[in-house]
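# Results of the structural survey
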Amino acid sequence: MITSLLHPTPHTKIMVVTSHLDSMTEEMGDFLAPYEGLIDVSLFPGDHQSLNIFHKTFTIKDYKSPAGGIPRDYAAVIVQDVLHLHESPHKFLEFLYRTLLNASEIIILQKNGSMPIAEVESLLDQVEFRAINAITDLIEGYDVIVAKKMHMWGNGL
C-alpha cells in the first residue's frame, strides 16, 4: 500500500495529482485521519470517483497545464498516471517541486511500462530531486518511483 511510504505528523498536508481518482485516495484519507491530515487533489482529465474527503480540489483542464497547489505547502505529492501523459513533464515536475516543503517526497505511480523508469529518474534528477528510488513490487501492475526534495540541495532553499 502507498501509505507505507508516507510519514505523517499532525496536520500533514498531501497533494494527489491524478488522471483517475480511485480508492487509493480514500484509503489515504483514512490513514491521515488520526493525524488530522489534509488531502488536496489535482484532477487531470479522466475518470474520477466522487469522493468528498478533500481539503481543496483543483480541476485541471488539460495535460498542458500545471497541477494545482501552493508553493511549499505539501509534505508529499503523489502523482498517479499523469506524468507520462503530460505534454511537458519537465515543467510539470518543476512546478510540483516548488509545492513541496523542504525534505519532502514526490511519489510517482504509473502503470507498468507507461514510461521507462530510467526516463522518470532522469527527469527527477534534472529537476533537482534526490534519493531517487524505483519500487516495482509495492503495488501490482504499477511502478512506484520515490524522490526527495532535499533542504539546501539544488533548488531546495
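What comes next concerns the included structure.

Criteria and cut-off values
- Residues numbered from 1 in each chain as written.
- Predicted model: local features only at pLDDT ≥ 70, side-chain atom pairs only at ≥ 80, totals over all residues.
- Heavy atoms only, no water.
- Pairing = 2+ DSSP bridges.
- Helix = DSSP H or I, 4+ residues; strand = E, 2+ residues; numbered from the N terminus.
- Axes fitted to C-alpha atoms, helices over the stretch in contact; angles between N-to-C directions.
- Contact = heavy atoms within 4.5 Å.
- Core = buried A, V, L, I, M, F, W, Y, C linked by side-chain atoms within 4.5 Å.
- Buried < 20%, exposed > 50% of the residue type's maximum accessible area, 1.4 Å probe, protein only.
- Salt bridge = Lys/Arg side-chain N within 4 Å of Asp/Glu carboxyl O.
- Phe/Tyr/Trp six-rings, centres within 6.5 Å; stacked < 30°, edge-to-face > 60°.
- Parallel < 35°, antiparallel > 145°, perpendicular 65-115°, else oblique.
- Left-handed = near helix turned anticlockwise from the far one by under 90°.

## Comments concerning the sheet that holds strand β7 (residues 142-149)
- Pairing is mixed in the open sheet, where 7 strands are placed in the order β3-β2-β1-β4-β5-β7-β6. Two strands close off the open sheet at either side, each with one partner strand: β3 (56-59) and β6 (130-135). The mean angle between the axes of side-by-side strands here comes to 15°, regardless of whether they run parallel or antiparallel.
- Sheet topology note: the strand β5 (residues 100-111)/β7 ladder contains 8 bridges and is antiparallel. Residue pairing across strands places K111 opposite Y142, the latter belonging to β7.
- On the sheet, helix α3 (residues 117-126) packs against β5, β6 and β7 and is oriented at approximately 165° with respect to β6.

## Re the nonpolar core
- Residues V17, V79, F92 and I106 are the most contacted members of the largest nonpolar core, which totals 27 residues.
- Looking at this core, the elements with two or more residues in it are β1 (13-18), β4 (74-80), α2 (89-99), β5, α3 and β7.
- The element best represented in this core is α2, accounting for 5 residues.
- Setting aside its immediate chain neighbours within four residues, F92 contacts V17, F44, A67, V79, V82, L83 and H86.
- If you look at the next biggest cluster of nonpolar residues, it comprises 20 residues, including I14, V16, L32 and I107.

## Focus: the pattern of salt bridges
- For the coordinates displayed, the defined rule picks out 5 salt bridges.
- With a shortest N-O distance of 2.6 Å, K13 and D73 are connected by a salt bridge. Of the two residues, K13 sits in strand β1 while D73 sits in the loop between β3 and β4, which places them 60 residues apart along the sequence.
- Two residues, K148 and E105, come together in a salt bridge whose shortest N-O distance is 3.7 Å. Of this pair, K148 sits in strand β7 while E105 is found in strand β5, placing the two residues 43 residues apart along the sequence.
- Residue K148 is classed as partly exposed on the basis of its relative accessible area, which comes to 24%.
- Of the residues examined, E105 reaches a relative accessible area of 15% and is grouped as buried.
- Linked by salt bridges that have partners in common, K13, D40 and D73 make up one network.

## Let's talk about the packing of aromatic side chains
- Throughout the structure, instances matching the rule amount to 4 aromatic pairs.
- Relative to F92, the ring of F44 lies with its centre 5.9 Å away and its plane at 80°, an arrangement referred to as edge-to-face. Taken together, the residues F44 in the loop between β2 (38-43) and β3 and F92 in helix α2 connect sequence positions 48 residues apart.
- F44 sits in the buried class, given a relative accessible area of 1%.
- With a centroid separation of 5.0 Å and an interplanar angle of 75°, the aromatic rings of Y97 and F129 are classed as edge-to-face. Taken together, the residues span a long stretch of sequence, with Y97 in helix α2 and F129 in the loop between α3 and β6 at a distance of 32 residues.
- Relative accessible area serves as the criterion here: at 0%, F129 is assigned to the buried category.

## Topic: the packing of α2 against α3
- Their axes nearest at 9 Å, the elements α2 and α3 cross at an angle of 50°. The angle between the axes of α2 and α3 places the two elements in the oblique class. α3 is crossed by α2, and the crossing has right-handed handedness. Residues P89, H90 and L93 of α2 touch α3, and the partners they reach there are L123, L124 and Q126.

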